[in-house]
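# Overview (structure and organization)
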Amino acid sequence: MRAKPERNDPCPCGSGKVFEKCCQEWYEAKFSVSQSAESLKNKGNAAMQGGNFAEAEWFYRKAISADSSYMPAHNNLGNALRMQGLYNEALSAYKAALNLAPDDYEIYDSIGITLNMMARFDEAADAFSRAAALAPNDPNVHNNLGVALHELGRMDEAAASYRRALQINPDYAEAHYNLGNTLIELGRLDEAEASYREALEIKPDYADALNNFALLLAEQGKPVMALSTIRQSLLIEETAKAKSIFVDCVKHLRLTRDDSKIRAVMVRALNEPWGRPSDLVQISTGLIKLDPGVGGCVARAADAWPLRLPAQDLFGPNGDTMLADDPLLCAILNSAPIRDIDMERFLTMARRVMLDTAAGVSASDAGVGAASGFYSALARQCFINEYVFSHTEDEIRKAGSLRDSLAAALEANTQAPALWVVAVASYFPLYSITFAVRLLGSQWPDEVAAVLAQQVREPAEELQLRATISRLTDIEGEVSLLVQNQYEKNPYPRWIKAAPAGNAKNLIEYFVQQFPLASLNRHGTKDNIDILIAGCGTGQQSIETAQLFKNAQVLAIDLSMSSLTYAKRKTRELGLTTIEYAQADLLKLGPLGRSFDIIESVGVLHHLADPWAGWRVLLSLLRPGGFMKLGFYSEVARRNIVWIRTFIAERGYGSTAEDIRQFRQDLIELGSNAGFGAALESADFFSISPCRDLLFHVQEHHMTLTEIAAFLRENNLAFLGFEIDFHALHAYKLRFPDDRAATNLDQWQIFENENQDTFLRMYQFWVQKAA
């Protein structure tokens, strides 16, 4: 035993305090063998209350050493270990306690809680059932049993357990909340709403109940009530979950009046961000158009089109300074492509005004102008949408002349006006100009520096990253080479900000929550999982998947090196180290010598010469019991796009950026009444690469659910469910109430035939390989 310090000695912990005032009590507990097990247990309890779980563990182990038959020390040791995430050790401690007190229901309850955390829900339900048999009047045990049964997909039994808990304690807010969650899975939405209201009546600051209630209201088509509810949750605590639900609640909301409070929240949601910025484009644009100043500009532009208005007529008496004073306008321009034709026409005219102004600025003029923030954001928007806005021949000649003047200034190594830089960046990517890198050596206003980072520094980084990406296979075959060429020219999508990562989940936990009623092979959890993203594009999917699953190692492949370098740059930007990017043709992955627990290939296989052959190659790489996410074009939902592709071919449009710009303007003029709504209402219509992917792709196939069902049967794959809009899922369950898991593809085919726009974007679904 080490020598005990004197009470006035400096404390050996290094706190700078004297021993008596600091660690004397802890020291005596640690090095004394004479203390009772109960005394040591009490010290452990005090440590637990202070959140010092490792210290509590130490005291409980000392208590057990002092008296191995002292049951509370074993039980509390289990609690301390569970709080540290040491679940197997916690179970051992609880079992030791159970040997000493086999009829103690609280120990069974603790075992059940631990097993739930380990996603061993069958065993958890057994433990809770034992606890309920021993303590039939304890509402907590019935509530916990309901949680395990819900995770097992046994929804009716879960609801019965929650109702039993509420019979015992009608004021049990958590049981009301859990019952609401289960009733949603059962499709009983009005009853679920009533349960959430009961929970909030008892506990008004119950954030989880507010969150799920907001989601339910949004899904019931009550967006205003949903927005009010989620704002209450955000006032309690701005959790990542509440922010994400805010985005879900507002993304389809159409406001009828401007609201400064919602504007302020929207600016934060875009800049931080709270979700994918693309989900906030519609409501943000709507708010901007409701503002009398900017909204008036948009209305004037739309009314005058195709005539280009001069600055005074476009901006009105307040000029362009009001545009830089609108933080929401600048935030959305910097974050995602605008998806509104009237707003596009205004921005097209504003760009022309900026060009005319810049053309009149002399090379020695260093001024930026009061609207620099807006014009810089407009330049960034043009780069994001890949210069999709239309232009006149005179306008592009003037822009080209200004670009030449900027290039000459760079070649002479002289300072160019900031407005030249921003105006040129609104028509051409700055990296395309010789000596553009010299722009990085000068001092610029922050908003102009952001344009240079986007259009010079980041493309240069992507160019350097090419040497770091390995090539796993050759790329051969006519279709593979055509598809590769398309995405080298048009990497898709050009996204700016990733949605924030939520709490990572283990495999079974995720799929149980995603598909609670599906027939899932729950083959346990793994410490590490291997994931393949086959066709990762620009990295949005690979990043979100890597953040979704615990201990995931991701291999992300694509044909296009341009896409891969974009993906790797964004991955490095987020500080992620668990994703490996490689160039490969998925058709040649068979000899790779690797296998995976999860494979995702969304929007990829239908671009192969033979999608079914590609699917079989991926299946050969999937481990037994593994999961696969697929995305295919629907033959039914794609019918209007097929008609538009025929229209494109008949009119002889090419697939260059200039052809796509001209096609878009022609289509806008013809309008949705001419049958083009499927394109005009698509988010992909408002950028060059997505529009090419939507309407000009070199190769695409369309599937039916009947064909997919046949493939699943042939390859012994279990269909787990679609990733689909709640409204569509609820409508299907009303149409086919006997298919509670919503996994009958023959019935889904009937439903789709009756509701032909159900899968407008794609069929997206998960399957599981037989173990």
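For the structure, check the block above.
Residues numbered from 1 in each chain as written. Predicted model: local features only at pLDDT ≥ 70, side-chain atom pairs only at ≥ 80, totals over all residues. Heavy atoms only, no water.

The secondary structure content of the protein chain amounts to 37 helices and 8 strands. Its C-alpha atoms give the protein chain a radius of gyration of 31 Å, within 12% of the compact-globule value 28 Å for 771 residues. In terms of principal-axis extent, the alpha carbons of the protein chain reach across some 95 × 75 × 55 Å. Of all intrachain contacts in the protein chain linking residues separated by at least 6 positions in sequence, the fraction that spans at least 24 positions is 70%. For the protein chain, the accessible surface area stands at approximately 33100 Å², while carbon and sulfur atoms represent 48% of it. Each charge class in the protein chain can be summarised by its mean position, and for the 75 positive and 96 negative side chains these summaries are 3 Å apart. (Helix = DSSP H or I, 4+ residues; strand = E, 2+ residues; numbered from the N terminus. Rg over C-alpha atoms; globule rule 2.2 N^0.38 Å. Contact = heavy atoms within 4.5 Å. Areas by Shrake-Rupley, 256 points an atom, 1.4 Å probe, with all protein chains shown as cover. Lys, Arg positive; Asp, Glu negative; His and termini not counted. Charge placed at Lys NZ, Arg CZ, Asp CG, Glu CD.)

Bringing the side chain of S284 into the picture now. Its place among the elements puts S284 in helix α16 (residues 281–290). There is a polar contact of 2.7 Å between the side chain of S284 and the backbone oxygen of L280. When sequence neighbours within four positions are dropped, the list of residues in contact with S284 reads M266, L270, L328 and I332. (Polar contact = N/O pair within 3.5 Å; in protein donor to acceptor, adjacent residues only side chain to side chain.)

Bringing the packing of aromatic side chains into the picture now. Throughout the structure, instances matching the rule amount to 41 aromatic pairs. On the basis of an interplanar angle of 15 degrees and a centroid distance of 3.9 Å, the ring pair of F511 and F627 is categorised as stacked. Taken together, the residues span a long stretch of sequence, with F511 in helix α27 (residues 507–514) and F627 in strand β6 (residues 622–632) at a distance of 116 residues. F627 sits in the buried class, given a relative accessible area of 0%. Lying over the aromatic face of Y427, R351 brings its terminal NZ or CZ to 4.1 Å of the ring centre. Residue placement shows R664 over the ring face of F685; its charged tip is 4.5 Å from the ring centre. (Phe/Tyr/Trp six-rings, centres within 6.5 Å; stacked < 30°, edge-to-face > 60°. Buried < 20%, exposed > 50% of the residue type's maximum accessible area, 1.4 Å probe, protein only. Lys NZ or Arg CZ within 6 Å of the ring centre and 35° of its normal.)

The subject of this paragraph is the environment of A199. Along the chain, A199 falls in helix α11 (residues 189–202). Sequence separation of A199 and A173 is 26 residues, and the distance between their C-alpha atoms is 4.3 Å. Filtering out sequence-adjacent residues up to four positions away, A199 remains in contact with A173, H176, Y177, Y206 and A209.

Taken in spatial order, the 8 strands of this open sheet run β1-β4-β3-β2-β5-β6-β8-β7, and their pairing is mixed. The open sheet has two edge strands, β1 (470–471) and β7 (717–722), and neither has a second partner. Sheet topology note: the strand β2 (residues 529–534)/strand β5 (residues 596–602) ladder contains 3 bridges and is parallel. Following the sheet pairing, I533 is matched in β5 by E600. Along the sheet, helix α28 (residues 540–548) makes contact with β2, β3 (552–558), β4 (579–583) and β5, crossing β4 at roughly 150 degrees. (Pairing = 2+ DSSP bridges. Axes fitted to C-alpha atoms, helices over the stretch in contact; angles between N-to-C directions.)

With that settled, consider the layout of surface pockets. When its volume is computed, the second largest pocket comes out at roughly 1200 Å³. In this structure, the second largest pocket is lined by 49 residues; those nearest its centre are F383, P429, Y431, P459 and R494. Contributions of two or more residues to the lining of the second largest pocket are made by α22 (372–384), α23 (393–411), α25 (446–465), α26 (478–489), α29 (561–573), α32 (657–670) and α34 (688–695). Broken down by element, the lining of the second largest pocket gets its largest block of residues, 9 residues, from α25. Taken together, the residues of the lining of the second largest pocket sort by class into 23 nonpolar, 9 polar and 17 charged. (1 Å grid on protein atoms, 1.4 Å probe; cavity = no way out; pocket = protein on both sides within 12 Å on 5 of 7 lines; lining within 4 Å. Points joined across faces, edges and corners; volume = space filled by probe spheres on them. Nonpolar A, V, L, I, M, F, W, Y, C, P; charged D, E, K, R; others polar.)

With that out of the way, let us pick up helix α2 (residues 37–49). Along an α-helix, a turn takes 3.6 residues, which lines up residues three or four apart on a common side. Here α2 is 13 residues long and its end C-alpha atoms lie 18 Å apart, about the 18 Å a rise of 1.5 Å per residue gives. All buried positions along α2 are accounted for by A37, L40, K41, K43, G44, A47 and M48. Relative to the axis of α2, the buried residues are bounded by an arc of 160 degrees and lie together on one face. A positive backbone phi angle near 80 degrees is found at G51, which sits one or two residues after α2. (Expected span 1.5 Å × (residues − 1). Arc of directions from axis to C-beta.)

Once that is clear, we can look at the pattern of salt bridges. Within the structure shown, the criterion is met by 40 salt bridges. Between D258 and R263 there is a salt bridge, with its nearest N and O atoms 2.9 Å apart. Given the relative accessible area of 12%, R263 is considered buried. With a shortest N-O distance of 3.0 Å, R276 and E544 are connected by a salt bridge. In this pair, R276 sits in the loop between α15 (260–271) and α16 while E544 sits in helix α28, placing the two residues 268 residues apart along the sequence. We classify R276 as partly exposed; its relative accessible area is 30%. You can call E544 partly exposed: its relative accessible area is 26%. Residues participating in the shared-partner salt-bridge network are E458, E462, R569, K570 and E573. (Salt bridge = Lys/Arg side-chain N within 4 Å of Asp/Glu carboxyl O.)

Let's shift gears to the side chain of K243. Turning to its location among the elements, K243 is positioned in helix α14 (residues 240–250). Not counting residues up to four positions away in its chain, the partners in contact with K243 are L234, E238, R268, E272 and W274.

Running from amino to carboxyl end, helix α20 (residues 327–335) crosses α22 at an angle of 25 degrees, the nearest separation of the two axes being 7 Å. By the angle between their axes, α20 is roughly parallel relative to α22. For α20 against α22, the interelement crossing comes out left-handed. On the side of α20, the interface is formed by L329, C330, I332, L333, N334 and S335, while α22 contributes G373, F374, A377, L378, R380, Q381 and I384. Residues belonging to the contact of α20 with α22 are distributed by class as follows: 8 nonpolar, 4 polar and 1 charged. (Parallel < 35°, antiparallel > 145°, perpendicular 65-115°, else oblique. Left-handed = near helix turned anticlockwise from the far one by under 90°.)

This paragraph deals with the pairing of β3. Along β3, 6 of the 7 residues are buried, which leaves the element largely enclosed by surrounding structure. The sheet contact formed by β2 and β3 spans 6 bridges and is parallel. Opposite I529, over in β3, you have A552 as the bridge partner. Regarding the hand of the β-α-β motif, the stretch spanning β2, α28 and β3 is right-handed. As defined by bridge partners, β3 adjoins β4 across 5 bridges and the pair is classed as parallel. Residue pairing across strands places I557 opposite A582, the latter belonging to β4. As for the winding sense of the linkage, the β-α-β connection from β3 through α29 to β4 is right-handed. (Right-handed = clockwise from strand over helix to strand, strands pointing away.)

Burial of α34 is extensive: 8 of the 8 residues sit out of reach of the surface. Within the span of α34, buried status applies to I688, S689, P690, C691, R692, D693, L694 and L695. Contacts made by the buried residues of α34 are with α26, α31 (639–651), α32 and α33 (677–680).

Of note, L235 is situated in helix α13 (residues 223–236). Separated by 30 residues in sequence, L235 and D205 place their C-alpha atoms 9.5 Å apart.

What follows is about unusual backbone geometry. Note that the residue after E272, namely P273, is joined by a cis bond; omega there is -15 degrees. Along the chain, P273 turns up in the loop between α15 and α16. A cis geometry characterises the amide bond from Y492 onward to P493, with omega recorded as -10 degrees. Relative to the helices and strands, P493 is located in the loop between α26 and α27. Even without being glycine, F435 reaches a positive phi, approximately 70 degrees. If you trace the backbone, F435 turns up in the loop between α24 (418–425) and α25. Its relative accessible area of 34% is what places F435 among the partly exposed residues. We note that A742 has phi near 55 degrees; this positive angle belongs to a residue other than glycine. Mapped onto the elements, A742 comes out in the loop between α36 (726–735) and α37 (745–754).

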